[in-house]
Amino acid sequence: GVINLKLTFRSPLTAPPAGFSVASPARIALDFANTTNGLGRNSQLFNEGDLRSANIVQSDDRTRVVLNL
C-alpha cells in the first residue's frame with residue numbers, strides 16, 4: 001500500500017522541508033519554513049492505510065506537519 005499526501009501552498013516552496021521520523025510511536029515530521037496553517041484546525045484524521053492522522057503546529061515562521069502512522 002502506497003499513500004500519497006498532497007499539501008497545497010499559495011506559492012512554491014523556496015526549499016524542501018526539513019524532516020525527521022520517530023519509530024515509536026511511528027511518526028514523520030516535516031518543517032515548512034515561512035508558512036502558516038491555512039487549514040483552520042490543528043489536526044486532520046485520515047485512517048487510510050498506515051496513515052492515521054496529522055497534527056499541524058504553527059510557530060513563528062514555520063509550520064510543522066506531523067504524520068501519525
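Residues numbered from 1 in each chain as written. Predicted model: local features only at pLDDT ≥ 70, side-chain atom pairs only at ≥ 80, totals over all residues. Heavy atoms only, no water.

Q: What is the right way to read the overall build of the protein chain from this model?
A: Per the secondary structure count, the protein chain includes zero helices and five strands. Shown N-terminal to C-terminal, the secondary structure of the protein chain runs as helices and strands in the order β-β-β-β-β. Projected onto its principal axes, the C-alpha positions of the protein chain cover 30 × 20 × 20 Å. By residue count, 20% of the 69 residues in the protein chain fall in the buried class. A separation of at least 24 residues holds for 43% of the contacts in the protein chain among residues at least 6 apart in sequence. Here the protein chain displays about 5300 Å² of accessible surface, and carbon together with sulfur accounts for 51% of that area. A gap of 4 Å separates the mean positions of the 7 positive and 5 negative side-chain charges of the protein chain. (Helix = DSSP H or I, 4+ residues; strand = E, 2+ residues; numbered from the N terminus. Buried < 20%, exposed > 50% of the residue type's maximum accessible area, 1.4 Å probe, protein only. Contact = heavy atoms within 4.5 Å. Areas by Shrake-Rupley, 256 points an atom, 1.4 Å probe, with all protein chains shown as cover. Lys, Arg positive; Asp, Glu negative; His and termini not counted. Charge placed at Lys NZ, Arg CZ, Asp CG, Glu CD.)

Q: For this particular structure, what's the right way to read the pairing of strand β1 (residues 18-22)?
A: On a regular strand, each side chain points to the face opposite its neighbour's, so the side chains alternate between the two faces of the sheet. Bridge analysis of β1 against strand β2 (residues 27-33) gives five bridges, and the strand direction is antiparallel. Within β2, the position partnered with Ala 18 by the bridge is Asp 31. Adjacent in sequence and paired antiparallel, β1 and β2 are bridged by four residues. (Pairing = 2+ DSSP bridges.)

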